[in-house]
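Given next are the chains, with one letter for each unit.
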2 protein chains.
Amino acid sequence: MREAFEKLREKDREITRLGYALATIEWDLETKAPEKGAEERGAELSMLSMMIHDASTAEEMYSAADAIEDADLRNDAERALVRNWRKDLREEKNVPSELVGRIGYLQGAAHAKWVEARKKNDFSLFAPILKDLIDAVREKALLIAPEADPYDTLLDEFEPGMSKAVLDPLFGDLEKELHRLMDEYAPKCAHLDTSFLRRGYDRNGMESFCRYIMEKMGFDFERGTYAESAHPFTTTLGPDDIRITNRFTDEGLFDPIGSVTHETGHALYEQNAALNPEIRGTSLSGGVSMGIHESQSRFWENFMGRTRAFWEFMYPEAQKRFPSLEGISLDEFLLAVNKTEPSAIRVNADELTYSLHIILRYRMEKGIFDGSIKVEDIPSEWNRMSEEIIRYTPKTDSEGCLQDSHWAGGMFGYFPTYALGNLYAAMWREQLIDDLGGEEKLDEVLSSGNFTPITYWQKDNIWYKGGIYLPKDLLFKVTGKSLDMRPFVEYLEEKYSRLYK
Amino acid sequence: MREAFEKLREKDREITRLGYALATIEWDLETKAPEKGAEERGAELSMLSMMIHDASTAEEMYSAADAIEDADLRNDAERALVRNWRKDLREEKNVPSELVGRIGYLQGAAHAKWVEARKKNDFSLFAPILKDLIDAVREKALLIAPEADPYDTLLDEFEPGMSKAVLDPLFGDLEKELHRLMDEYAPKCAHLDTSFLRRGYDRNGMESFCRYIMEKMGFDFERGTYAESAHPFTTTLGPDDIRITNRFTDEGLFDPIGSVTHETGHALYEQNAALNPEIRGTSLSGGVSMGIHESQSRFWENFMGRTRAFWEFMYPEAQKRFPSLEGISLDEFLLAVNKTEPSAIRVNADELTYSLHIILRYRMEKGIFDGSIKVEDIPSEWNRMSEEIIRYTPKTDSEGCLQDSHWAGGMFGYFPTYALGNLYAAMWREQLIDDLGGEEKLDEVLSSGNFTPITYWQKDNIWYKGGIYLPKDLLFKVTGKSLDMRPFVEYLEEKYSRLYK
């Protein structure tokens, strides 16, 4: 019945709107709330999360979802909505509110313990609550899909269709290739002097340069804004209100630039998805998966934003604004911002080694969920794997297994999407080059400073489609290919071999 | 049953929390949302308002309210909660959702029309929707209290216990006294040169001076913050998150100072009410009435913030910060910031003439609701009354009957609370002086720059009590007197006779 579909779409808009309200409150918490106001904001977030849960699992949702027939649906967007609702409802049906509440409570408590443990550099403070949280998340995964491997279920939550069966060979091969590249290029970078990137850059100058980059990338300031926060993020507060944050805590030049190209990449996805009337205001306007979303941010942060062509245009502008860059050639600048080396902290890792940090986390999570790694052994396992995969041994738990907040937030199965983002982005780049007519054409576009041939391509091929197609279908539609690490490895090889001869 | 009370208190907290979430979204709309993001924020506000309405009128609320017995209640705060719930429920029961929705719709549409009419200076564009809105508000008032005069019902909404029977003689006498004072002092002010107040003051300097005043007044920055917006306001986003805004649109010195003392007065009320555990997080922490709230803002804006003693402390600080004040004596400064004159715009009116602007609006509203003034005659009636009451004839509708947004927001019966705020504030001041041991003592406190003897008095007598006592009961508890215009008139007479000999 068409009526049943209309009803569900109306509900979807309501739930999406509750999500926007929640995002607004979260935004306030991260950018403006006074110290002691955080508690109330947190309580409001719980309240709204509960409302979203209740609305998403109302009995009428189930009956409407059952009543919809294929013939009722007029286009791929409508089919995608129904596909997602049915998946969500099936899952929700199996998970009792008690467990949802328990996980919410454990997340809050675990986050507090994680902060303390990281501060005191003592994993054992975090271990007991982490164990409880893992048990609860496993319980949830088994309720969602009793027949499936729980970690596969978690992977599928963040990246629909993803599984260990796909990731094991993919990440296995990727690790070998990245080791080969790292072994070749890290030694060539070891003696690079990058100190000029931390020469005390003016904060206001950095802010305005970042804004300039946002403008150049096509961020619509009538439909979004930006602010400062402790950690950069992108959030959607409405179809015409997509915001990013940045941080300027030290005086490093490239940290805020890397953040702004990254977050603007995310924001452009959502700003443009919302322009498609078929998905505007619905849950499809948030994009299809974490991995595809990440491919949009990494595409700009790295695949465009660290290229010679991009900086041929941007570097004179940067030199005009920052006197400290005087005497630093474009070549020196590019060598510095692309320097590769084994390092402790994922979020600071370079483009080449970053995915190795993810492969480590993937193996840890797999081990935790198949029972081969016990929670109390995480620190020693982490250090062992870090040595083996990243070729860096953490000196402390804080720069090792306590560095990320994801597990404290109950997010297991999330990390792989970061590496998938790299692989997807390389595939988009390959196709874009093909469609533009060659790599020289892409370089011409980038060095001209008018990026619209790139963003139009992204809009047509990815952004405008929002969450209509599942990741592998979208990938196939755009590139005619399946997920493959080859374009990423070739891209790295080409880039690093040119830079560090 | 105690259980019924506990249940209602739980509901009250939930509804209060929804109100805080709504306030957060409104804050974002006013201070940060991008141009095109406003629509979604508006839709979220409607959604949350509807949720608050639904939660406030759920069937279980009625049954719980009925089940509570006096013996269940342990203190005045609990009795006040029950008193307010019963009043609200009685009202809500009589007003169908359809009418609530219709008024919401008309408010939105009327606001848009009012903006256009004011811009084009043409009341006739606003008249038809205003008429519909007045009819709907009258309909609501008659449903709430079928036996009562509708305008009395509206007055009681904003100021519990207030009625035409109280206001008619009060405002009648007040008008005469204010005319007498205006006739005496306006001519003495006519030739005062106040141009130094608009000498291009530095925006950052004004911001930091305003912050300094907030600190001196005792605003708790761990439990609140501030930002800029088109119109200054105070809002409560949580028991530990009370915020104000200010504006620095022109380079006038005293506009932002008057705003910051005013808004901080409001904020201190709510910051301190939330410290009382009996009312924290409940609807009582928002204060008792608009009039009492306004008495707290006006107390600081005018009764303290425009005195010689206050500026004996603040003026050297201001001169240090603003070189443009060099050569302007404290006397000259005080004469300028207290200048009185008949004028067009309520929000810019001085302390002496301000209440006359309210008396005009009170008479207009009374006439509109008793049918003696037709909507289409509002402009001519406004101008006639303005001439008679304020002694100023507006040159256009925009500086006359279109100047305020209240009617477009469906707020009839609200204006009188501004004048009541003046009368209450004068009574607080009289009692404070008594308790401190004389006017010289108050002056000593103010000129010392340590205002805590004043704010402690306010906290004990007013703030900490929040909404426990109805206005007239609170007034009697603190002063032992009933509402009276004498303290206000005496205060003005004394002040102006000293300033303008």
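Residues numbered from 1 in each chain as written. Chains lettered and ligands numbered in written order. Predicted model: local features only at pLDDT ≥ 70, side-chain atom pairs only at ≥ 80, totals over all residues. Heavy atoms only, no water.

S.K.: Can you help me understand the pattern of salt bridges in this one?
M.R.: Pairs can form between side chains of opposite charge once their charged atoms are near each other. A full pass over the atoms with the stated rule returns 110 salt bridges over all chains. With a closest N to O distance of 2.6 Å, Arg 2 of chain A and Glu 78 of chain A form a salt bridge. Of this pair, Arg 2 of chain A sits in helix 1 (residues 2-31) while Glu 78 of chain A sits in helix 4 (residues 76-94), and the two are 76 residues apart along the sequence. One salt bridge connects Lys 176 of chain B with Asp 173 of chain B, and the closest N-O pair in it is separated by 3.9 Å. Taken together, the residues span about one helical turn, with Lys 176 of chain B and Asp 173 of chain B both in helix 8 (residues 164-189) at a distance of 3 residues. (Salt bridge = Lys/Arg side-chain N within 4 Å of Asp/Glu carboxyl O. Helix = DSSP H or I, 4+ residues; strand = E, 2+ residues; numbered from the N terminus.)

S.K.: I'm lost on the pairing of strand 3 (residues 241-246) of chain A in this one. Help?
M.R.: Each regular strand shows side chains that alternate between the opposite faces of the sheet. Residue and element names in this part refer to chain A. Burial analysis of strand 3 places 6 of its 6 residues in the buried class, which makes it a mostly covered element. Neither face of strand 3 is open: one carries Asp 241, Arg 243 and Thr 245, the other Ile 242, Ile 244 and Asn 246, and all of them are buried. Judged from the 5 bridges that link them, strand 1 (residues 224-228) and strand 3 form a sheet pairing that is parallel. By the bridge assignment, Ala 227 is partnered in strand 3 with Thr 245. The pairing of strand 2 (residues 234-238) with strand 3 spans 4 bridges and is antiparallel. Looking across to strand 3, one finds that Thr 236 is bridged to Ile 242. (Buried < 20%, exposed > 50% of the residue type's maximum accessible area, 1.4 Å probe, protein only. Pairing = 2+ DSSP bridges.)

S.K.: Where do I start with helix 14 (residues 354-370) of chain B in this structure?
M.R.: Note that an α-helix has 3.6 residues per turn; residues three or four places apart therefore point the same way. Residue and element names in this part refer to chain B. Helix length check: helix 14, at 17 residues, gives a terminal C-alpha distance of 25 Å against a target of 24 Å (1.5 Å per residue), a fit within 8%. Burial analysis of helix 14 places 15 of its 17 residues in the buried class, the great majority of the element. Within two residues after helix 14, Gly 371 carries a phi angle of roughly 85°, on the positive side. (Expected span 1.5 Å × (residues − 1).)

S.K.: I tried to follow the relation of the copies chain A and chain B on my own but got confused; where do I start?
M.R.: Applying a rotation about an axis and a shift along it to one chain copy brings it onto the other copy. Expressed as a screw transformation, the operator carrying chain A onto chain B has a rotation angle of 180° and an axial translation of 0.0 Å, and the superposed copies differ by an RMSD of 0.0 Å. The transformation relating the two chain copies, once decomposed into turn and shift, fits a two-fold axis. Closest to the rotation axis within chain A is the C-alpha of Ile 25 of chain A, separated from it by 3.5 Å. Here 100% of the interface residues in chain A have copies in chain B that are interface residues too; the copies meet face to matching face. (Least-squares fit on C-alpha atoms with pLDDT ≥ 70 in both. Contact = heavy atoms within 4.5 Å.)

S.K.: Is there a simple way to think about unusual backbone geometry in this case?
M.R.: Excluding glycine, residues mostly have negative phi values, and the peptide bonds linking residues are mostly trans. Residues and elements named next belong to chain A. Despite not being glycine, Asn 121 has its phi angle at roughly 55°, a positive value. Counting through the fold element by element, Asn 121 comes out in the loop between helix 5 (97-120) and helix 6 (123-144). Since its relative accessible area comes to 32%, Asn 121 is described here as partly exposed. For Arg 391, which is not glycine, the phi torsion reads 65° and is therefore positive.

S.K.: Hey, could you run me through the interface of chain A and chain B in this one?
M.R.: How big an interface is tends to be expressed through the accessible area that disappears when the partners come together. Of the residues lining the interface, 34 residues belong to chain A; the matching set on chain B comes to 34 residues. Taken as a group, Arg 17, Lys 36 and Glu 222 of chain A account for 21% of the area that chain A buries against chain B, more than any other trio of residues on that side. Counting the contacts that link chain A with chain B gives 8 salt bridges. For Lys 36 of chain B, the salt bridge identified is with Glu 222 of chain A, shortest N-O distance 2.9 Å. Seen at the junction of chain A and chain B, the total is 14 residue pairs in polar contact (both at pLDDT 80 or more). Sorting the residues of the side of chain A that touches chain B by element identifies helix 1, helix 2 (38-56), strand 1, strand 2 and strand 3 of chain A as the ones contributing at least two each. (Buried area = accessible area lost by both parts, 1.4 Å probe. Polar contact = N/O pair within 3.5 Å; in protein donor to acceptor, adjacent residues only side chain to side chain.)

S.K.: Help me understand the packing of aromatic side chains in this model?
M.R.: Geometrically, a pair of aromatic rings is defined through the distance of the ring centres and the angle of the planes. Going through the model one piece at a time under the given rule, you end up with 64 aromatic pairs over all chains. Between Phe 310 of chain A and Trp 311 of chain A the ring centres are 5.5 Å apart and the planes differ by 70°, which places this aromatic pair in the edge-to-face class. By relative accessible area, which is 0% here, Phe 310 of chain A ends up buried. A ring pair is formed by Trp 407 of chain A and Phe 415 of chain A, whose centres lie 6.5 Å apart and whose planes are at 75°; its orientation type is edge-to-face. The exposure classification of Trp 407 of chain A matches that of Phe 415 of chain A, with both residues buried. Among the aromatic residues, ring-to-ring pairing joins Tyr 151, Phe 158, Phe 171, Tyr 354, Tyr 362, Phe 369, Trp 382, Trp 407, Phe 412, Tyr 414, Phe 415 and Tyr 418 of chain A into one connected group. Above the ring of Phe 221 of chain A, the side-chain terminus of Arg 211 of chain A is found at 4.1 Å from the ring centroid. The lysine or arginine in question, Lys 477 of chain B, covers the ring of Tyr 469 of chain B, its NZ or CZ lying 4.6 Å from the ring centre. (Phe/Tyr/Trp six-rings, centres within 6.5 Å; stacked < 30°, edge-to-face > 60°. Lys NZ or Arg CZ within 6 Å of the ring centre and 35° of its normal.)

S.K.: Whenever I open this one, the sheet that holds strand 1 (residues 224-228) of chain B confuses me. Can you help?
M.R.: In a beta sheet, neighbouring strands pair by backbone hydrogen bonds and run either parallel or antiparallel. Residues and elements named next belong to chain B. Taken in spatial order, the 3 strands of this open sheet run 1-3-2, and their pairing is mixed. Strands at the two margins of the open sheet, each flanked by one partner only, are strand 1 and strand 2 (234-238). For this sheet the average axis-to-axis angle between neighbouring strands, irrespective of direction, equals 25°. On top of the sheet, helix 10 (residues 254-273) reaches strand 1, strand 2 and strand 3 (241-246); it is set at about 170° to strand 3, its chief contact. (Axes fitted to C-alpha atoms, helices over the stretch in contact; angles between N-to-C directions.)

S.K.: Is there a simple way to explain the sheet that holds strand 2 of chain A in this structure?
M.R.: Read across the open sheet, the 3 strands follow the order 1-3-2 (chain A); overall the sheet is mixed. Two strands close off the open sheet at either side, each with one partner strand: strand 1 and strand 2 of chain A. Within this sheet the neighbouring strands show an average axis-to-axis angle of 25°, counted without direction. Here helix 1 of chain A sits on the sheet in contact with strand 1, strand 2 and strand 3 of chain A, set at roughly 130° to strand 2 of chain A. Each of strand 2 and strand 3 of chain A touches helix 2 (residues 38-56) of chain B; the most contacted strand, strand 2 of chain A, lies at about 65° to it.

S.K.: What is the right way to read a negative patch on the surface from this model?
M.R.: All names here are of chain A. The grouping of Glu 312, Glu 440, Asp 443 and Glu 444 at the surface amounts to a negative patch. Here the element with the most residues in the negative patch is helix 17 (residues 439-448); it accounts for 3 residues. Within the secondary structure, Glu 312 sits in helix 12 (residues 308-321). The exposure class of Glu 312 is partly exposed, given its relative accessible area of 40%. (Patch = residues over 30% accessible without salt bridge, like charges linked within 9 Å, V, L, I, M, F, W, Y side chains within 5 Å. Areas by Shrake-Rupley, 256 points an atom, 1.4 Å probe, with all protein chains shown as cover. Lys, Arg positive; Asp, Glu negative; His and termini not counted. Charge placed at Lys NZ, Arg CZ, Asp CG, Glu CD.)

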